[in-house]
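# Architecture and fold: a report
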Amino acid sequence: MSRVLSRQAICRVLHIAAASVSLFVACGAARAGDVSVAVAANFNGAVRELATLFEQRTGHRAQISVGSTGKLYAQIKHGAPFEVLLAADDETPAKLVAESAAVGESRFTYAIGRLVLWSVSPDVVDDQGAVLKTGSFRHLALANPRLAPYGAAAVQAMQALGVHERLTPRVVQAESISQAFQYVVSGNAELGFVALSQVMQHGRLASGSGWTVPESLHKPLRQDAVLLNAGRGKPAALAWLEWLKNDEAAAIIRAHGYSLPPR
């Protein structure tokens, strides 16, 4: 009899344990969720790394959509169900807040970018950017300044240097900073204005030649994040924004060539 009771007891324990595991898994699934994040093209490399670690740390998943800030803005205004925007400027998130399309108190600067004049060839771009004045090239790539803040910064830098009008006929205009980078990589342009994050590895240029454009030549590339209306009250969206502010995320952002504002 005792042996039978023992088996019955074991069965009861196993049943309770199985139920507990099922409840735990169900609760975990209820807590975890997806967040739809619209991301400026210059931040593509960093956001992929951040998204992977975000899922490991929180259980939530970030679904990433990359594009120029201007195009992402247009998509948001036309009803795209993005829950968070990581822009390449601070003006677009502020505009969305003013238009009641985003939550004002959620906005913050998640990164400060740097513009670089870059070529895949090691002897094309000098460390002072003098190549822009000598004009020893046929094509110069840059992102559409109406859609991409990095493209606007490139135009501002050329204007400050007094070379914009002369170089305009040589410009190969890209839709985004990612496409501008591809134009240079593919050889469609000998050099181009790209994001430092696209060409930096371990604190230095990964290849080619480049000149980091002084910040005094263009408006600061302050990149703001904001919670969009579709993300209101969504745990995964709120968790993503908080994740971007922690030390682990900050280390990844810096490693990709960005600086951060004082906390």
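Residues numbered from 1 in each chain as written. Predicted model: local features only at pLDDT ≥ 70, side-chain atom pairs only at ≥ 80, totals over all residues. Heavy atoms only, no water.

So, on to helix 4 (residues 91-98). Every α-helix carries 3.6 residues per turn, so stepping three or four residues along brings you back to the same face. Inspection of helix 4 places Thr92, Pro93 and Leu96 among the buried residues, and these make up the whole buried set. One side of helix 4 carries all its buried residues, which in axial view fall inside an arc of 100°. On its buried face, helix 4 sits against helix 3 (69-77), strand 3 (84-86) and strand 12 (221-227). Trailing helix 4 by a residue or two, Ser100 shows a phi angle of about 60°, which is positive. (Buried < 20%, exposed > 50% of the residue type's maximum accessible area, 1.4 Å probe, protein only. Helix = DSSP H or I, 4+ residues; strand = E, 2+ residues; numbered from the N terminus. Arc of directions from axis to C-beta. Contact = heavy atoms within 4.5 Å.)

Here we take up the layout of surface pockets. Here the largest pocket defines a volume of roughly 400 Å³. Looking at the lining of the largest pocket, the elements with two or more residues in it are helix 3, helix 4, helix 6 (149-161) and strand 12. Per-element accounting of the lining of the largest pocket gives the leading share, four residues, to helix 6. Of the residues assigned to the lining of the largest pocket, the class counts are 10 nonpolar, four polar and seven charged. (1 Å grid on protein atoms, 1.4 Å probe; cavity = no way out; pocket = protein on both sides within 12 Å on 5 of 7 lines; lining within 4 Å. Points joined across faces, edges and corners; volume = space filled by probe spheres on them. Nonpolar A, V, L, I, M, F, W, Y, C, P; charged D, E, K, R; others polar.)

Time to look at the sheet that holds strand 8 (residues 191-195). Across the sheet, five strands lie side by side as 7-6-8-5-11; this open sheet has mixed pairing. Of all the strands in the sheet, the pair left with one neighbour each is strand 7 (171-174) and strand 11 (209-212). Direction aside, neighbouring strands of the sheet carry axes that sit 30° apart on average. As defined by bridge partners, strand 5 (residues 115-119) adjoins strand 8 across four bridges and the pair is classed as antiparallel. The partner of Trp118 across the bridge, within strand 8, is Gly192. (Pairing = 2+ DSSP bridges. Axes fitted to C-alpha atoms, helices over the stretch in contact; angles between N-to-C directions.)

Moving on to the pattern of salt bridges. Here the structure, examined in full by the defined rule, presents nine salt bridges. Put simply, Lys77 and Glu99 hold a salt bridge, and the shortest N to O gap is 3.2 Å. In this pair, Lys77 is assigned in helix 3 and Glu99 in the loop between helix 4 and strand 4 (108-113), connecting sequence segments 22 residues apart. (Salt bridge = Lys/Arg side-chain N within 4 Å of Asp/Glu carboxyl O.)

Once that is clear, we can look at the sheet that holds strand 1 (residues 34-40). Judged by pairing direction, the sheet is mixed, and its five strands sit side by side in the order 2-1-3-12-4 without closing on themselves. Strands with a single pairing partner mark the edges of an open sheet, and in this sheet they are strand 2 (61-67) and strand 4. Averaged over all adjacent pairs, the angle separating strand axes in this sheet is 20°, with direction ignored. Of the pairings in the sheet, the one linking strand 3 to strand 12 comprises three bridges and is antiparallel in character.

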